[in-house]
Amino acid sequence: MVTSLSSSLGTERKLLTEVPGPKSRALHERRQRSVSAGLTQGFPVYIERAEGAILEDVDGNLLLDLGSGIAVTSIGHGVPEVIEAVSNQVAAFTHTCFMVTPYEEYVEVCEELARLTPGDHQKTTALFNSGAEAVENAVKVARLATGRAAIVVFEHAYHGRTNLTMALTAKNMPYKDRFGPFAPEIYRAPMSYPFRDGLSGPEAAQRAIAMIESQVGAHNVAGLLIEPIQGEGGFIVPADGFLPALAEWAKKNGVVFIADEIQSGFCRTGDWFAVNHEGVVPDIVTTAKGLAGGMPLAGVTGRAELMNAVHEGGLGGTYGGNPVAAAAAIATIRTMETRNLAGRARELGATMLERLHALASQHAIIGDVRGRGAMIAFELVQPGTTTPNAAAAKAIVAHCNAQGVIALTCGTYGNVIRLLPPLIISDAQLADGLDVLSDAVAAAG
Ligand code: PLZ
């Protein structure tokens, strides 16, 4: 199994058929009969293997990945260190349930999360399977530790699809529509969105704090939960000073500051975590996605006095911190360090921003270019306005897909194209992807 992966896919995008090709189309027909219609149907090319930034589909087409499975395979596909760690762990044992009989890999991931997350205070961690599960548990900890109920979240936020996290997520369609009733004691504050509100960070923070104090009351707030750079909501980078002002307010009022770094964490923005760029030290950090290089693993890491306030048995789950996923995380973190993928993310970001700003100066449908490190996006508008242009975003992604480039949309208004390349993508591969993207923008504009 491992040896068959060693035959290289090469490094270049190459289409042998139209995409999706005949085999993908046949699989897609099978899917329509057996898979719930409730799942998003993205780009229906069925993948057989992957290596680096290249995905090979069942028709033999080689596709360029600018999405990393939504910021998950940040270290790239088929990384030998991860394959080896996972293979060894599968052979050793795959599951005991950490709550029944523990194992070292779980402990090591928690040690690494304590080391890598901001702040040198004492921290402990609990591991889970998905981002939504991590967010739910962060809320449980904040409520228990403070004895308060209210959770403040922000406009455009995305935190998951479970019942509690649907309440935390802002966008109705497709995430919440007709799935209620939703959990109570969730309050939504205005976000800093420089392109649309023109406010400075401190001004936007003051606006949010005034809302919280008048509509909720600081002493009722258990936790303030925020994505330091919003993901699904549109890669919204808050104005400088917004996050520090909120963190300061939280500290002053005994409110647990929870950074949801599930999409922005693990070198994606050019540092281990997006909060590092503004020197913010959260009380709790939620992680998932990039943490385990493609295996399902999520973490809640927080101040020991918060995390340890929970009674024994209050946190857990059958699979949380599964040994195979934990082994993958340890190898992923090592790989990120030895290959300096945070530094690479900054280089990729500089290249993407330069190309996208140039493109924006030529095409009036690009209203804003933003992001940090290798978490970069541009927002499509009706020329000369800020009116969202979701049709253009859709057309651009379709154009990219037809050329064998995986690109993703996001945003409350569906009008943002986001770029999340694997951090090991080569300069030539990125240039190729950006060339295709430029043609797509030209065609849409
Ligand atoms: N918090 C910041 O980005 C997941 C969602 C894809 P799970 N984002 C991708 C989709 O349409 O379901 C995400 C996130 C942030 C939480 C989550 C939830 O993580 O692992 O998908 O549960």
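Remember, it's a predicted structure, so these values are computed and weren't measured experimentally.

Thresholds, definitions, all that
What you see as residue numbers is a count from 1 along each chain, following the sequence as written. Only residues with pLDDT of at least 70 are given local features in this predicted model, and only at 80 or more are side-chain atom pairs given and counted; all residues enter the totals for whole chains, interfaces and linings. The side-chain figures draw on all heavy atoms in the structure; neither hydrogens nor water molecules are used. Only DSSP runs of H or I reaching four residues or more are called helices, and only runs of E reaching two or more are called strands; each is numbered from the N terminus. Throughout, radius of gyration means the C-alpha value; the globule benchmark is 2.2 Å times the number of residues raised to the power 0.38. Categorising residues by exposure relies on relative accessible area from a 1.4 Å probe, with only protein chains included: less than 20% of the type maximum marks a residue as buried, more than 50% marks it as exposed, and the intermediate range marks it as partly exposed. Where accessible areas are quoted, they stem from the Shrake-Rupley method and a 1.4 Å probe; at the residue level, only the protein chains shown are allowed to cover. His is not counted, nor are the chain ends; Lys and Arg add positive charge and Asp and Glu add negative charge. Here the site of a charge means NZ on Lys, CZ on Arg, CG on Asp, or CD on Glu. A pair of Phe, Tyr and Trp rings is counted when the ring centres sit within 6.5 Å of each other, with Trp represented by its six-membered ring. The angle between the planes then sorts it: under 30 degrees is stacked, over 60 is edge-to-face, the rest tilted. For this analysis, a nonpolar core means a set of buried residues of the types Ala, Val, Leu, Ile, Met, Phe, Trp, Tyr and Cys, connected via side-chain atoms within 4.5 Å. Residue ranges labeled as domains rest on an automatic or database domain assignment. It only takes one pair of heavy atoms within 4.5 Å for two residues to be counted as in contact. Only C-alpha atoms enter the line fits that serve as axes; for helices the fit covers just the stretch in contact. Angles between N-to-C directions range over 0 to 180 degrees. Under this scheme an angle from 65 to 115 degrees is roughly perpendicular, one under 35 degrees roughly parallel, and one over 145 degrees roughly antiparallel; angles in between are oblique. Left-handed is the label given to a crossing in which the near helix is rotated counterclockwise from the far helix by less than a right angle, and right-handed is the label when the rotation is clockwise. In this classification, the charged set is Asp, Glu, Lys and Arg, the nonpolar set is Ala, Val, Leu, Ile, Met, Phe, Trp, Tyr, Cys and Pro, and all remaining amino acids, among them Gly, are polar. If even one non-hydrogen atom of a residue comes within 4 Å of a molecule or strand, that residue is called near it. Polar contact criterion, stated in full: a pair of N or O atoms within 3.5 Å, where within protein one must be able to donate a hydrogen and the other to accept it, and residues adjacent in sequence count only if both atoms are side-chain atoms. Any carboxyl oxygen of Asp or Glu that lies within 4 Å of a side-chain nitrogen of Lys or Arg is treated as forming a salt bridge with it. A pair of strands is considered paired only if DSSP assigns at least 2 bridges between the two.

Caption draft 1: Local environment of the overall build of the protein. Counting secondary structure elements, the protein contains 15 helices and 15 strands. Relative to the 2.2 N^0.38 estimate, which gives 22 Å for 445 residues, the radius of gyration of the protein is 21 Å and therefore close to what a compact globule would have. With the C-alpha coordinates aligned to their principal axes, the bounding extent of the protein is approximately 60 × 60 × 45 Å. Residues classed as buried in the protein amount to 54% of the 445 residues present. As displayed, the protein offers around 18,100 Å² of accessible surface, 54% of which is attributable to carbon and sulfur atoms. Separation between the mean location of the 34 positive side-chain charges and that of the 45 negative ones in the protein comes to 5 Å.

Caption draft 2: Highlighting the packing of aromatic side chains. Counted according to the given criterion, the structure contains 8 aromatic pairs. Between phenylalanine 98 and tyrosine 103 the ring centres are 5.5 Å apart and the planes differ by 85 degrees, which places this aromatic pair in the edge-to-face class. Classification of phenylalanine 98 by relative accessible area gives partly exposed; the value is 24%. Judged by its relative accessible area of 8%, tyrosine 103 falls in the buried class. With 5.9 Å between their ring centres and 85 degrees between their planes, phenylalanine 266 and tryptophan 272 make a pair best called edge-to-face.

Caption draft 3: Seen up close, the nonpolar core. If you look at the biggest cluster of nonpolar residues, it comprises 92 residues, and the most contacted ones within it are Phe154, Leu246 and Phe378. Broken down by element, the residue count for this core peaks at 9 residues, all from helix 12 (residues 323-338). Looking at which domains feed residues into this core, each of domain 1 (22-65 + 340-444) and domain 2 (83-338) gives three or more. Setting aside chain neighbours within four positions, we find phenylalanine 154 in contact with Ala170, Arg188, Ala189, Pro190, Met191, Ala208, Leu224, Leu225, Ile226, Gln230, Phe242 and Leu246. Counting 26 residues, the second largest nonpolar core, distinct from the first, contains Phe128, Val153, Leu168 and Ile186.

Caption draft 4: Looking closely at the packing of helix 4 (residues 80-92) against helix 12. For the pair helix 4 and helix 12, the least separation of the axes is 8 Å and the interaxial angle reads 155 degrees. Classed by the angle they form, the pair helix 4 and helix 12 counts as roughly antiparallel. Remark: the crossing between helix 4 and helix 12 carries right-handed chirality. Every residue of helix 12 that contacts helix 4 at Glu81, Val82, Ala85, Val86, Gln89 and Val90 is listed here: Pro323, Val324, Ala327, Ala328, Ala331, Thr332 and Thr335. In the contact of helix 4 with helix 12, the residues fall into 9 nonpolar, 3 polar and 1 charged.

Caption draft 5: Region of interest: the packing of helix 13 (residues 341-362) against helix 15 (residues 427-444). Following both chains from N to C, one finds helix 13 and helix 15 inclined at 25 degrees, their axes separated by 11 Å at the closest point. When the axes of helix 13 and helix 15 are compared, the pair comes out roughly parallel. In this structure, the crossing between helix 13 and helix 15 has a hand that is right-handed. Where helix 13 abuts helix 15, its residues Arg344, Leu348, Thr351, Met352, Arg355, Leu356 and Leu359 lie against Asp427, Leu430, Ala431, Leu434, Asp435, Leu437, Ser438 and Val441.

Caption draft 6: Quick look at the site of the ligand. Taken together, 13 residues surround the ligand, and among them Gly131, Ala132, Arg161, Asp260 and Gln263 come closest. Side-chain polar atom of tyrosine 158 to an oxygen atom of the ligand: 3.3 Å apart, as the coordinates give it. Within the side chain of glutamine 263, one N or O atom sits 2.8 Å away from an oxygen atom of the ligand. Residues of the shell around the ligand, tallied by class, amount to 4 nonpolar, 4 polar and 5 charged.

Caption draft 7: View of the pattern of salt bridges. All told, the structure shown has 20 salt bridges when counted by the stated rule. Its salt-bridge partner being arginine 334, residue glutamate 108 comes within 3.3 Å of it at the nearest N-O pair. Remark: arginine 334 occurs in helix 12 and glutamate 108 occurs in helix 5 (residues 104-116); sequence separation between them is 226 residues. For arginine 334, a relative accessible area of 36% puts it in the partly exposed group. The network of salt bridges with shared partners includes Glu108, Glu112, Arg115, Arg334 and Glu337.

Caption draft 8: Structural view of the sheet that holds strand 14 (residues 408-410). Judged by pairing direction, the sheet is antiparallel, and its 4 strands sit side by side in the order 11-12-15-14 without closing on themselves. On the outer flanks of this sheet lie strand 11 (366-372) and strand 14, each paired with one strand and no other. In this sheet, adjacent strand axes meet at a mean angle of 30 degrees when their direction is disregarded. Relative to strand 15 (residues 416-419), strand 12 (residues 375-380) is paired through 4 bridges, and the arrangement is antiparallel. In the strand pairing of strand 15, isoleucine 376 is matched with leucine 419. Together, strand 11, strand 12 and strand 15 form the strand contacts of helix 13, whose direction differs from that of strand 11 by roughly 170 degrees.

Caption draft 9: The sheet that holds strand 9 (residues 284-287), seen in detail. The sheet built from 7 strands is open, its strands ordered 4-10-9-8-7-5-6 with mixed pairing. Pairing within the sheet leaves two strands with one partner each, and these edge strands are strand 4 (123-128) and strand 6 (186-189). With direction set aside, neighbouring strand axes in the sheet form an average angle of 20 degrees. The pairing of strand 7 (residues 221-226) with strand 8 (residues 256-260) spans 4 bridges and is classified as parallel.

Caption draft 10: Broad picture of the environment of isoleucine 226. Here isoleucine 226 lies in strand 7. Classification of isoleucine 226 by relative accessible area gives buried; the value is 2%. Sequence separation between isoleucine 226 and methionine 191 is 35 residues, and the spatial gap between their C-alpha atoms is 9.4 Å. Other than its neighbours up to four places away in sequence, isoleucine 226 contacts Phe154, Met191, Phe242, Leu243, Leu246, Phe257, Ile258, Ala259 and Asp260.

Caption draft 11: How the structure looks around the pairing of strand 3 (residues 62-65). Of the two faces of strand 3, the one carrying Leu62 and Leu64 and the one carrying Leu63 and Asp65 are both buried. Sheet topology note: the strand 2 (residues 54-57)/strand 3 ladder contains 3 bridges and is antiparallel. Of the residues in strand 3, the one forming a bridge with leucine 55 is leucine 63. Counted along the chain from strand 2 to the antiparallel partner strand 3, the turn is 4 residues long, and its residue glycine 60 has a positive phi close to 85 degrees.

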